[in-house]
Amino acid sequence: MSRFLDIFYVWNTIQIKLRALRLCIARGSYPYHFFRNQIDVVATVSYDLDFQDAYLSFGYLNYQKALHLHKGDRSITQELILGLVYYNELKNNPHLDSNHILDLAIRLQVKAESTENGLIFYFTQPYSRFDVRGKYASGIVQGKAASLFLRCFKLSQDDKYKKWAKACLIGAWHTIDQGGTLRFLSNDLCWVEEYPSPKPSMVLNGFLFYIIGLAEFQTMENDEEIESMLNQSIKTVLTWLPKFKLKNGLLYSMYRWNLCNVHYTGIMHYQFEHLFLLTGIPEYKEYAVFTNGLTNWKTFSRII
């Protein structure tokens, strides 16, 4: 079912838009400016990595449902989703062809630009919601691509996939003016942007997908460069998470007062569960429980 034909989804959307308007009137139009002097920087980061063979962030999808959602001409983002969902089913069904996902990875890698800064998927479609135009990279795509390539390595034991995964992660870890997605924030923190907007936008679920890619890579390699990137990323997201959490709501980004609708609270519940099992960080479990409570799961199931 189209989410826009579901009365409960529409009602939820109306409610959060009205709440966003009230927050904008009370706090100004730009959440990052409102919160940036109120944060308490996390001093240390402690975690215990454990690779999750299933890509749990897409645990709400099966392959047939994913095909239905992403039918027609597909973007790189959609192809990555299909690849990761296919891998989940492949692990439970030995009759599926592993070459399907390996071939997909090879076709996708060709679409990326290999530069001195790494392997980068570039986009040119403007997105007015975040004032993005021109040629740009996206941290969410770089993270998902790394996760897909790592699973291809698991299937094939071919080191090229692991090299591609690291190249995707490194490619994102360059500043936006260098063609990457890295944004420096106040308090010596940094954020990998899903959309390289003119000022910090800090889309939460986009950064979380990238962190998953970093953590998964580090479970396979003791890489000092990736470890440093992972530590900085976890420190930033744990520092800022309390500001995304509102009473009975979760902000989608720090660009505008847009709260996550039932579609995104459900998706992010799976992300936080994935991150908790991958890292053991208790805050991720806290937010998994929080987003579970925010989500009307009957509505979520109807619109996915």
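The preceding data block contains the structure.
Quick caveat: nothing in here was measured; it's all calculated off a predicted structure.

Calculation rules
Residues numbered from 1 in each chain as written. Predicted model: local features only at pLDDT ≥ 70, side-chain atom pairs only at ≥ 80, totals over all residues. Heavy atoms only, no water. Helix = DSSP H or I, 4+ residues; strand = E, 2+ residues; numbered from the N terminus. Buried < 20%, exposed > 50% of the residue type's maximum accessible area, 1.4 Å probe, protein only. Contact = heavy atoms within 4.5 Å. Phe/Tyr/Trp six-rings, centres within 6.5 Å; stacked < 30°, edge-to-face > 60°. Disulfide = S-S within 2.5 Å.

Draft legend 1. Structural detail: the environment of Lys166. Within the element layout of this structure, Lys166 appears in helix α7 (residues 159-172). In this structure Lys166 comes out as partly exposed when scored by relative accessible area, which is 23%. Placed 47 residues apart in sequence, Lys166 and Gly213 show a C-alpha to C-alpha distance of 9.1 Å. Discounting residues that sit within four places of it in the chain, Lys166 has contacts with Phe217, Asp223, Glu225 and Ile226.

Draft legend 2. Spatial organisation of the packing of aromatic side chains. For the coordinates displayed, the defined rule picks out 29 aromatic pairs. Geometrically, the ring pair formed by Phe130 and Tyr195 is stacked, given 4.8 Å between the ring centres and 15° between the ring planes. Within this pair, whereas Phe130 is found in the loop between β3 (122-123) and β4 (136-137), its partner Tyr195 is found in the loop between β6 (190-192) and α8 (204-220), the two being separated by 65 residues in sequence. The residues Phe130 and Tyr195 share a single accessibility class, namely buried. The rings of Tyr30, Tyr32, Tyr127, Phe130, Tyr195, Trp240, Tyr252, Tyr255 and Tyr264 are connected pair by pair, giving a single aromatic cluster.

Draft legend 3. Geometry of the state of the cysteines. Enumeration according to the criterion identifies zero disulfides in this entry. Residue Cys24 stays outside any disulfide, its sulfur separated by 17 Å from that of Cys260, the closest cysteine. Assessed through its relative accessible area of 6%, Cys260 is described here as buried.

Draft legend 4. Focus on unusual backbone geometry. Here Gln157, not a glycine, exhibits a phi torsion of approximately 60°, which is positive. Here Gln157 shows up in the loop between α6 (139-156) and α7. You can call Gln157 exposed: its relative accessible area is 53%. Positive phi outside glycine occurs at Asn187, with the angle close to 65°. Within the element layout of this structure, Asn187 appears in the loop between β5 (182-184) and β6. A residue is classified by how much of its surface remains accessible, and Asn187, at 43% relative accessible area, is partly exposed.

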